[in-house]
Amino acid sequence: MKVYDLPDKRGHFGPYGGIFVAETLIAALEELRKQYEHYRDDSAFQAEFAYELKHYVGRPSPIYHAKRWSTILGGAQILLKREDLNHTGAHKINNTIGQGLLAKRMGKKRVIAETGAGQHGVASATVAARYGMECVVYMGSEDVKRQASNVYRMKLLGATVVPVESGSRTLKDALNEAMRDWVTNVENTFYIIGTVAGPHPYPMMVRDFQAIIGREAKVQMQEEYGRQPDALIACVGGGSNAIGLFYPYIDDAGVRMIGVEAAGHGIESGRHAATLMTGRSGVLHGNRTYLIQDDDGQIIETHSISAGLDYPGVGPEHAWLKDNNRAEYVGITDSEALDAFHALCRYEGIMPALESSHALAYAAKLAPTLSKDQLLLVNLSGRGDKDMATVTQASGLTL
Amino acid sequence: MSRIKTVFASLRQQRKKALIPFITAGDPDQTMTVPLMHELVKAGADIIELGVPFSDPMADGPTIQRSSERALKHHVGLKDVLVMVAEFRKSDPITPVVLMGYANPVESMGQEIFAAKAKESGVDGVLTVDYPPEECGEWVKHLKHHGLDAIFLLSPTTPQSRIERVAQMAQGYVYYVSLKGVTGSSHLDLNEVADKLSMLRSHISIPIGVGFGIRDGEMAKAVAELADAVVVGSRIIEEIEISSKSQLMENVIRLVSGLRTAIDDVVVKH
C-alpha cells in the first residue's frame, strides 16, 4: 500500500490546500516554508520541542477509560485522550510551542494570532510570555463578549487583545485581520495560526506539531490495551485536534476516523458550522477547501454554541480525507453537545470544553450501537472552565 | 488589439500617463455604479478598475473593506457586477474595464464560465488578488482563451525569479503595489519605487501601474514620473463614503479631475 505522504511540495492535498494569498505575503510564506523545512529535520529543534512538551506542557497526556459513562451508555468502551490536562487547558499549546520556538529561531520579536474561543489566543500569549516576545491577539468582537474570561487571561499573560469589528465579528474575521497585520509588519512579526488551515506551510506545520497527540495514543493504546482503537472521534472546526489524532493513523485502514462538526441549531436550520457536511469547494484564507458559502461565493456567517467550532472553512487535509472516504464527518447540534457536557461532568467528574463535547456527544450516540469490547478513542481536546458563561446561559441561569 | 493595449498605445503617442481609478461595484448602491463609471471617464480615467465585493477582503484596508460591506448589504455579487459592465459598455465601447477581486466568487461561478461571461459583458482584464502565478495556470488559460488580460500584482518583496514568471503570464499591465501592507496604507517611499521600477522594466515589457498609498495630486504626479499608470483606490472610496448622495458625483469628479491634471503635468520623454 502507498504510504500517505501529503501534502506535495506546494502544500496540496489533492485539489485542496496550496497558497492562495496576495503577492505581498508570498515572500513571507516562502521564508517560513524554508525555515520550517530546515527545522523539521533539525534534531536540536526537535529535542527542544520535546523537552518543552514534557516539562512545560506536561505531556504525555494520559488516556482515561470513562468506565461509568461507558457502562451507562451500554455499548463500546469510551476512552478519552486527555488534552484538557495540558498546560493552558487544551491541545492548542502543542502547536504554539512549536511555532513559538520557530519564531524564536527566526529572530522575530513579535507574534500575532487569531482566536475564536480564546484557547489559541491564550496558548499564543503563553508562549510569547515564555519566550519573551510581544503578542497581539485578534479576536472577533462577538467572541470577545462570549469568552470574557479568556480575554482577561490573555491580558494577564501580557498580550494585547484587539477586538475585530468587521464582517461577522468572529473567528474568520479575526483571521482576516491577523493576515492584514502580518502583511504590514512582516519583517519583525511571526503569525502563529492556530489551526490546520491557512496557506502552505501552515496546514502541514500545525498538523506536524499536533501529531504528538496521535503518536502518543498509538503507543499508549498498545501498552495499555494491547491494540489500537476501533474508531477515533474528534471535533472539527478548523480541524487541528482532529488531524493531530488522525494523522498518525491515516495508513491504519482498520481504524475508523470520525470528525464531528458543529450542527448548531440543526443542519436544516441553516444555522450551523458543518462545513464538510454542507459546504462546497472554494478559496478562503490562503487555501482551497470546503467552505460554507452562498450562490455568489460569499462566505456565510456560521453558528455554533462553541466559539472554537464557529468557522466557515476547514483544514484542506480534512477535505481530502473526506473526498477519499478515509474519514467520516458527522454533525452534532448545540443541545446534543450540551447534554454530553453535562453527562461527562456528572458521570466522570470531568468538565469538557464545548468543542470537545461535540466529539463526546457523537461517541455517546455511536457507543450503544457497538459491542462492549469495542474501543472508541475520543480526543478530549480541552477543558470547559472557559465555557461557564455559555453553559449557564444555555441552562437559563445566572451566576 | 485589446482595449487596454489600445489605450496605452494612444497615451504613449500623446505623451501621457494613464490614470486608473478604482471603485467597488455596488458602493454606495447598485444604481450608482454605472453612472459613476461614466463620470470617472469624463473626469479623465483611462481605465476603470471595478472591485467585486467579497465578504472576506483579506488584502484590503478598512476603507475598501467598508465599501465591500456597503455593496454586500445590497447583495451585489459577481453576476451583478457583470451586468453593470454590460450596461456601461452600451454607451462606452472604448474605456477598458478591469475587474479586481478575490478568488472565491470566481471559483463559485466556475473559472471557465466566468471567463466566457466576463468577455461577453465587455470586461477587458481581471486581477484576482489571491490567485498567485503558482496556482493559476488553468485560470490564465481560460482568460487568454476568451481574450481577457490576466493582470498580476508585484510587490516590493517579489524576488526576481517570480518577476520573470509573472512577466511570462501577465497581459495588459502589471500592478506594482508600492508598499507593504493592505490597501489604503500611507507612507509611500518614492525612492524605493523608482529603484524597483527600473529593475522591473528589465524583465517586463508591458506597462507598469503603481498603486497603494496615492492620496493627492502631488503624489499622483510623483508616481506618474516613474510609472506608466497611476492607480488610485482608497482615496476615491473615502470620497464616496463621506459624500451625501446628491454631492457624491460632483465630489468624485473634482477629485479625479484634480488627479488627471496633476498627472498630465508630467512631461513624458520618449
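Now for a look at the structure at hand.

What counts and how
Think of each chain on its own: its residues are numbered from 1, step by step along the sequence as written. The naming scheme follows written order: chains are lettered A onward, ligands numbered 1 onward. Only residues with pLDDT of 70 or above have their local features reported here, since the model is predicted, and side-chain atom pairs are shown and tallied only from 80 upward, although totals for entire chains, interfaces and linings are computed over all residues. The side-chain numbers reported here are obtained from all heavy atoms of the structure, hydrogens and water having been left aside. For two strands to pair, DSSP has to find at least two bridges joining them. A run of DSSP states H or I qualifies as a helix once it reaches four residues; a run of E qualifies as a strand once it reaches two. Both are numbered from the N-terminal end. Contacts between residues were defined by any pair of non-hydrogen atoms, one from each residue, lying within 4.5 Å. In this analysis, axes come from line fits to C-alpha atoms, helices being fitted only over the stretch in contact, and the angle between any two N-to-C directions falls in the range 0 to 180 degrees. The rule is short: rings of Phe, Tyr and Trp, with Trp giving its six-membered ring, pair when the centres are within 6.5 Å, and they are stacked under 30 degrees, edge-to-face over 60, tilted in between. Only protein chains enter the area calculation, which uses a 1.4 Å probe; residues under 20% of their type maximum are buried, those over 50% are exposed, and those in between are partly exposed. Over a ring means this: the NZ of a Lys or the CZ of an Arg is within 6 Å of the ring centre and within 35 degrees of the ring normal. Throughout, the protein atoms alone are placed on a 1 Å grid, and a set of points is a cavity if a 1.4 Å probe fits but cannot get out or a pocket if it is open with protein on both sides within 12 Å along at least five of seven lines; lining residues have an atom within 4 Å of a point. Grid points are joined across faces, edges and corners, and a volume is the space filled by probe spheres set on the points. Polar here means any residue other than Ala, Val, Leu, Ile, Met, Phe, Trp, Tyr, Cys and Pro, which are nonpolar, and Asp, Glu, Lys and Arg, which are charged; Gly is therefore polar. When a carboxyl oxygen of Asp or Glu lies within 4 Å of a side-chain nitrogen of Lys or Arg, that pair is called a salt bridge. When two parts are brought into contact, each loses some accessible area as probed by a 1.4 Å sphere; the total of that loss over both is the buried area. In the analysis that follows, any N or O atom pair within 3.5 Å is treated as a polar contact, provided that within protein one partner can donate a hydrogen and the other can accept it, and provided that, for residues neighboring in sequence, both atoms belong to side chains. Roughly parallel covers angles under 35 degrees, roughly antiparallel covers those over 145, roughly perpendicular covers 65 to 115, and oblique covers all other angles.

Before going further, it helps to examine the sheet that holds strand β2 (residues 48-51) of chain B. Sheets are built from strands paired through backbone hydrogen bonds, the pairs being either parallel or antiparallel. Residue and element names in this part refer to chain B. Spatial strand order, β5-β4-β3-β2-β1-β9-β8-β7-β6: 9 strands in an open sheet with parallel pairing. If you trace the sheet from one side to the other, it starts and ends with β5 (149-150) and β6 (152-154), each paired once. Two strands pair when backbone bridges link them, and β2 and strand β3 (residues 97-101) are joined in this way by 4 bridges, in the parallel orientation. In the strand pairing of β3, Leu50 is matched with Leu99. Running at roughly 165 degrees to strand β1 (residues 18-24), helix α2 (residues 33-42) makes contact with β1, β2 and β3 of the sheet. Relative to the sheet, helix α4 (residues 78-91) contacts β2 and β3, its axis offset from that of β3 by approximately 165 degrees.

A word on the packing of aromatic side chains. All names here are of chain A. Inspection of the entire model under this criterion finds 16 aromatic pairs over all chains. Ring centres 6.5 Å apart and planes at 45 degrees place the aromatic pair Phe45 and Phe209 in the tilted group. Residue Phe45 is found in helix α2 (residues 43-57), and its partner Phe209 is found in helix α9 (residues 202-210); the two are separated by 164 residues along the sequence. Classification of Phe45 by relative accessible area gives buried; the value is 0%. On the basis of relative accessible area, Phe209 is assigned to the buried category, the value being 2%. Through pairs of rings, three or more aromatic residues link up here, namely Tyr36, Tyr39, Phe45, Phe49 and Phe209. Seen from the ring of Tyr249, Lys218 lies directly overhead, with NZ or CZ sitting 5.2 Å from the centre.

Quick look at the pairing of strand β14 (residues 375-380) of chain A now. All names here are of chain A. Burial analysis of β14 places 6 of its 6 residues in the buried class, the great majority of the element. Covered by surrounding structure in β14 are Leu375, Leu377 and Asn379 together with Leu376, Val378 and Leu380, the residues of both alternating faces. Bridging between strand β4 (residues 77-82) and β14 involves 6 bridges; their strand directions are parallel. Across the sheet, residue Arg82 finds its bridge partner in β14, namely Leu380. For strand β9 (residues 231-235) and β14, the ladder comprises 3 bridges, and the chain directions are parallel. Residue pairing across strands places Ile233 opposite Val378, the latter belonging to β14.

Here we come to the layout of surface pockets. By volume, the largest pocket is sized at about 640 Å³. If you trace the largest pocket, you find 29 residues lining it, with Phe8, Arg12, Arg201, Pro207 and Asp228 of chain B closest to the centre. Contributing elements (two or more residues each) for the lining of the largest pocket: α1 (3-13) and α10 (217-226) of chain B. In terms of residues, the lining of the largest pocket owes the most to one element, α1 of chain B, which gives 6 residues. Taken together, the residues that form the lining of the largest pocket break down as 14 nonpolar, 5 polar and 10 charged. Its volume calculated, the second largest pocket comes out at about 510 Å³. In terms of lining residues, the second largest pocket is bounded by 25 residues, among which Gln298, Ile299 and Glu301 of chain A together with Ser55 and Leu72 of chain B are the most central. Secondary-structure elements contributing two or more residues to the lining of the second largest pocket are α8 (171-184) of chain A together with α3 (62-73) of chain B.

Before going further, it helps to examine the pattern of salt bridges. Any two side chains of opposite charge can pair if their charged atoms end up close together. Taken as a whole, this structure holds 48 salt bridges over all chains when the rule is applied. Linking Arg169 of chain A and Glu165 of chain A is a salt bridge whose minimum nitrogen-to-oxygen distance equals 3.4 Å. Residue Glu241 of chain B pairs with Arg70 of chain B through a salt bridge whose shortest N-O separation is 2.8 Å. Placement of the pair is Glu241 of chain B in helix α11 (residues 234-242) and Arg70 of chain B in helix α3, with a sequence separation of 171 residues.

Moving on to the interface of chain A and chain B. Counting from both sides, the interface comprises 37 residues of chain A and, opposite them, 39 residues of chain B. Around 2,900 Å² of area is buried between chain A and chain B when both sides are counted, 47% of it from carbon and sulfur atoms. Looking only at chain A, the three residues that lose the most surface to chain B are Glu23, Arg180 and Gln298 of chain A, adding up to 23% of its buried area. Counting across the chain A and chain B interface gives 4 salt bridges. The residue Asp296 of chain A makes a salt bridge to Lys79 of chain B at a minimum N-O spacing of 3.6 Å. One can count 22 residue pairs in polar contact (both at pLDDT 80 or more) joining chain A with chain B. Secondary structure elements with two or more residues in the side of chain A that touches chain B: β2 (16-20), α1 (23-40), α8, β11 (280-284) and β12 (286-291) of chain A. The element best represented in the side of chain A that touches chain B is α8 of chain A, accounting for 8 residues. Here the side of chain A that touches chain B is built from residues that sort into 13 nonpolar, 12 polar and 12 charged.

Residue and element names in this part refer to chain B. For the pair α4 and helix α6 (residues 111-121), interaxial distance at closest approach is 8 Å and the crossing angle is 25 degrees. Relative to α6, the element α4 lies roughly parallel. Contacts between α4 and α6 involve Leu78, Leu82, Val85, Ala86 and Arg89 on the former and, on the latter, Phe114, Lys117, Ala118 and Ser121. For the contact of α4 with α6, the class distribution of residues is 6 nonpolar, 1 polar and 2 charged.

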